[in-house]
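# A look at the structure
Listed below are the residues making up each chain.
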Amino acid sequence: MSIKVKETSVTARSAAPRPALPTPPAALAAKVRTLAPTMTRSMQRVAETVAGDPAGSAALTVTGLAELTGTSEATVVRTARVLGYPGYRDLRLALAALAAEQAAGRAPAVTADIAVDDPLARVVAKLAQEEAQCLADTAAGLDTAALEAAVGAIAAARRVDVYGIGASNLVGQDLVQKLLRIGLIAHAPADPHLAVTNAVQLRSGDVAIAITHSGRTTDVIEPLRVAFERGAATVAITGRPDGEIAQYADHILTTSSARESELRPAAMSSRTSQLLVVDCLFIGVAQRTYERAAPALSASYEALAHRHAPRDRHAPRDRR
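### Side note on the side chain of Gln-274
- Note on placement: Gln-274 falls in helix H13 (residues 266-288).
- Once you skip the residues sitting within four places of it in the chain, Gln-274 turns out to touch Ser-168, Val-171, Ile-211, Thr-212, His-213, Ile-237 and Thr-255.

### Describing helix H8 (residues 120-141)
- The end-to-end C-alpha distance of H8, which contains 22 residues, comes to 31 Å, matching closely the 32 Å that a straight helix rising 1.5 Å per residue would cover.
- When we look at burial in H8, the residues that qualify are Val-123, Lys-126, Glu-130, Gln-133, Cys-134, Asp-137 and Thr-138. Down the axis, H8 shows its buried residues gathered within 130° of arc, on one side only. Away from its buried face by more than 90 degrees, H8 exposes Ala-121 and Val-124.

### Side note on the packing of aromatic side chains
- Tallying each qualifying case throughout the model produces 1 aromatic pair.
- Judged by centre distance (6.1 Å) and plane angle (65°), the ring pair of Phe-228 and Tyr-248 falls under edge-to-face. Here Phe-228 is found in helix H12 (residues 218-229), whereas its partner Tyr-248 is found in the loop between strand S4 (233-238) and strand S5 (251-254), with 20 residues between them in sequence.
- Among the residues examined, Phe-228 registers a relative accessible area of 2% and is labelled buried.
- Judged by its relative accessible area of 16%, Tyr-248 is buried.

Thresholds, definitions, all that
- Residues numbered from 1 in each chain as written.
- Predicted model: local features only at pLDDT ≥ 70, side-chain atom pairs only at ≥ 80, totals over all residues.
- Heavy atoms only, no water.
- Helix = DSSP H or I, 4+ residues; strand = E, 2+ residues; numbered from the N terminus.
- Contact = heavy atoms within 4.5 Å.
- Expected span 1.5 Å × (residues − 1).
- Buried < 20%, exposed > 50% of the residue type's maximum accessible area, 1.4 Å probe, protein only.
- Arc of directions from axis to C-beta.
- Phe/Tyr/Trp six-rings, centres within 6.5 Å; stacked < 30°, edge-to-face > 60°.

Structure (structure tokens):
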């Protein structure tokens with residue numbers, strides 16, 4: 001009698017189909033903001049129309065929406081699929097649900113861009129609203145099953161590598177310092193060559209996390225690919241779950257972002273949503289490993305407590 005051995009090769013991992021998850025209605029506007037810059041002009045008109053007036057758009061047939069936006073029925077269907085729906089019928093149902101949420105006050109409208117002559121008080125208000133919306137959109141669109149799987153992999157990992165460039169590397173550094181405080185071995189190399197060198201050392205039982213809003217940053221994709229091929233569990237934190245980074249990720253955590261403008265580059269809002277995701281990862285790991293995480297946190301706090309002690313007001317000041 002022959003026994004079939006389950007295939008666990010890299011080829012089997014990369015060949016496994018990734019199930020498509022429909023976009024929740026509350027995350028539709030966020031997805032439009034994230035994906036619109038990568039769409040054609042005609043698709044952008046469709047996307048912005050449905051996000052701007054979900055109730056009106058939900059009442060239209062595919063032909064009616066095509067006429068309203070000056071596009072074609074094929075463009076409307078393609079836009080629906082890019083936004084995460086199998087077809088226009090599914091998009092209409094999501095639009096109707098989104099309109100109902102907005103009517104009930106649970107789905108805020110898109111906020112205005114910051115103008116160069118806005119007073120600082122208005123800048124503060126607009127930024128606060130954008131940040132809050134960005135966090136809400138990310139929470140609404142986050143795949144909790146993928147989050148649970150990523151948390152489980154990190155909690156059991158021998159070592160964790162985090163790859164990111166620019167603002168995404170700062171987010172990676174934030175996650176690493178949190179993981180270090182609960183006793184995990186973690187690294188977030190800022191140099192892309194060092195990131196690949198680190199990835200070569202990974203193996204099964206390790207975890208590699210890539211952070212890239214665009215999903216196509218070569219300096220982030222390359223080390224994740226190497227880690228994937230070495231057998232490490234891989235996680236992608238990205239605003240483009242359909243981007244190139246996805247083919248090397250076992251678990252995808254999707255982030256949202258506000259609209260990019262002259263005074264508000266994409267890195268600002270994407271960083272906000274990325275920080276939410278890494279905080280969720282950290283809390284999840286800390287919960288899973290509480291028996292060792294709690295003493296480690298206490299030890300790190302005690303080791304640094306003297307550095308936060310108030311100075312004696314009457315002690316002479318060193319003017320050297």
